[in-house]
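# Observations on the model geometry
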Amino acid sequence: MRVFIIRQQAVVPSDYSEPKEWREVIFFKWAKDYFEKAELWISDFDHYSLKKRKKVDFEGSEGVRIFKTPGYKKTVSVWRLFDSWVFGIKIFAAALNKFNKKDTVIVNLPTPESFFAISIAKFFKGFKLIVDVRDNWPDNFPGGGIIKFFFSLYVHVLNKISFSIVDKVIWMSDGLYNNHKNKNLLKKKNLEHKTIPNSFKKVDITNQSYEINNDIFNKPAISFFGTLNLQFDLKLLKECLDSDPKSKEFNYIIAGDGSELQYLKELFKEYKNVIFLGRIPYDCVQIIAKKSKGLFLLYRDPENYQNHITNKVREYAEFRKPIIHNLESNIFTISKNKYQIGYSLHDGNFSEAISEIKYNKNPAIYNIESLDNFCRNLSEDVLKKNFLDEIIT
């Protein structure tokens, strides 16, 4: 059996930010270990740095196929839509030329254009098609009004057609399944479903040598790591700092760059305890996470992530630290198992959260036992077995 994994906006370890392995790379490596042939199809444009990739070079990168696309300067733009269609058309043509009935193809959603293009190719070639649903798109489209209305309608039409063709669906969380079911997208009879969250493993940083300025820890620190884009709303941090005198007892470390970086620097320019590090390597992320008292995560539209283990929640959980977030609940259900992750500002307030972190008045905010169960039940071995035995075969 040959396995092809397609994600236009893939993240690979050799990208500019030197990220850890993301879901598509992990799936690709699992497939390479098990099947006679596996390929990962991606764009040559790095969505998260908004730059063309200079190289794709990581352990096991043989079998990565790169498709050239024009790229774009803003994540919300007509050019991004054009870029998605260029990639979709190219993978459609490549699929017609290469795939056969014995192949298994896993396409990621988003982007809907890739899903649609490969779904149409299935009509002609008859291969097994699986979609890996990663996000509530376009619910997370920033802004509103008539543009979002028509964009949502456009995506819904594409997805309606694609879901009527696909054979199986992988969900990154139960919340994603519920969201798409409520949109009446899952009407196809005998459509198979399986929830496969991202794999988890404890982070070992005992041998890291990356040097950082320890002055940023002259106070207890609470940190954020991620791309500074419209997905997150860090101005909510300012509201918390302005309303709570206790907030001055902490430093707030923000690591990452993106379209909102300059705006946020201007917003917090009078706050000496808000520290911007820009983009840093993952080694440095691990060191800062270890030294931080806690981590914070503030989404622009938290209602779009109900019961959804997002990539950022997944990443933060690995560090076994208190997590302050603004999701509607800190209870997540995966395959009927409930896990308590972090401290939700919907259930409490910022002052209470940072007091518990500093003085450890309520150790339950750590939720260590729940995090350990979470990571054990979703270990790489468990998820790899689900992926290979229950999805591909």
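Given the structure is predicted, the values throughout are model-derived calculations rather than measurements.

### A few points about the pairing of strand β16 (residues 337–340)
- Pairing geometry for strand β15 (residues 331–334) and β16, over four bridges, is antiparallel. Across the sheet, the residue bridging to Thr333 is Lys338, located in β16.
- Hairpin connection of β15 to β16: two residues between the antiparallel strands, including Ser335 at a positive phi of 50°.

### A closer look at the pattern of salt bridges
- Counted according to the given criterion, the structure contains 20 salt bridges.
- A salt bridge links Lys32 to Glu62, with the shortest nitrogen-to-oxygen separation between them at 3.6 Å. Remark: Glu62 occurs in the loop between β4 (51–52) and β5 (64–67) and Lys32 occurs in helix α1 (residues 23–34); sequence separation between them is 30 residues.
- Looking at Lys32, the relative accessible area reads 29%, which means it is partly exposed.
- Overall, Glu62 belongs to the exposed group, its relative accessible area being 55%.
- For Lys384, the salt bridge goes to Asp33, with nearest N and O atoms at 3.9 Å. Of the two residues, Lys384 is situated in helix α12 (residues 380–392) and Asp33 in helix α1; the sequence distance between them amounts to 351 residues.
- Assessed through its relative accessible area of 24%, Lys384 is described here as partly exposed.
- Look at Asp33 and you get exposed, because its relative accessible area is 61%.
- Linked through salt bridges whose partners overlap, the residues forming this network are Arg7, Glu24 and Arg134.

What counts, and where the lines are drawn
Residues numbered from 1 in each chain as written. Predicted model: local features only at pLDDT ≥ 70, side-chain atom pairs only at ≥ 80, totals over all residues. Heavy atoms only, no water. Pairing = 2+ DSSP bridges. Helix = DSSP H or I, 4+ residues; strand = E, 2+ residues; numbered from the N terminus. Salt bridge = Lys/Arg side-chain N within 4 Å of Asp/Glu carboxyl O. Buried < 20%, exposed > 50% of the residue type's maximum accessible area, 1.4 Å probe, protein only.

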